[in-house]
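Here's the letter readout for the chains.
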Amino acid sequence: MQRFDDLWATIDGLFWLALGGGVLVKLMFSEKLTTRQVIMTVCSGVFCAVFFSKPILDFLKLDGEHFEYAIVAVLALTGEHLVRRVVQFSRSGTLVDVKKGLGK
């Protein structure tokens, strides 16, 4: 439980601003979405931004002080799409369905 508390302690106001901005841009430029799709898009964006921003920064060896909020915004913007592709892959077991979505 201590590690989860540490995660929330590192998240600050600018993190949430970047996350909200990414989700807002995603919703503004998406085609008509149902209420369920909006909820899933927001949840996916928040999930990806919160749990994948630090690992991506570490993997790419980027300075969190300079790049963290950009990575958070990008993950909030693309999180729903990434989650959808992973779910499609898990259902079909082939990369063909995943590649179809990446070419759009």
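Just above sits the structure.
Description of the structure in this document. (Residues numbered from 1 in each chain as written. Predicted model: local features only at pLDDT ≥ 70, side-chain atom pairs only at ≥ 80, totals over all residues. Heavy atoms only, no water.)

In terms of helices and strands, the protein chain carries five helices and zero strands. Counting helices and strands in the order they occur from the N terminus, the protein chain gives α-α-α-α-α. Burial status across the protein chain gives 25% buried among its 104 residues. Within the protein chain, contacts between residues at least 6 apart in sequence are counted, and of these 60% link residues at least 24 apart. Approximately 7500 Å² of the protein chain is accessible, and the part contributed by carbon and sulfur atoms is 68%. (Helix = DSSP H or I, 4+ residues; strand = E, 2+ residues; numbered from the N terminus. Buried < 20%, exposed > 50% of the residue type's maximum accessible area, 1.4 Å probe, protein only. Contact = heavy atoms within 4.5 Å. Areas by Shrake-Rupley, 256 points an atom, 1.4 Å probe, with all protein chains shown as cover.)

Helix length check: helix α2 (residues 13-29), at 17 residues, gives a terminal C-alpha distance of 24 Å against a target of 24 Å (1.5 Å per residue), a fit within 8%. On its buried face, α2 is in contact with α3 (35-59) and α4 (64-92). (Expected span 1.5 Å × (residues − 1).)

A separate point is a nonpolar patch on the surface. Judged by side-chain polarity, Leu24, Val25, Met28, Phe29 and Leu77 come together as a nonpolar surface patch covering roughly 520 Å² of accessible area. Among the elements that make up the nonpolar patch, the one with the highest residue count is α2 (four residues). Positionally, Val25 belongs in helix α2. Relative accessible area serves as the criterion here: at 37%, Val25 is assigned to the partly exposed category. (Patch = residues over 30% accessible without salt bridge, like charges linked within 9 Å, V, L, I, M, F, W, Y side chains within 5 Å. Salt bridge = Lys/Arg side-chain N within 4 Å of Asp/Glu carboxyl O.)

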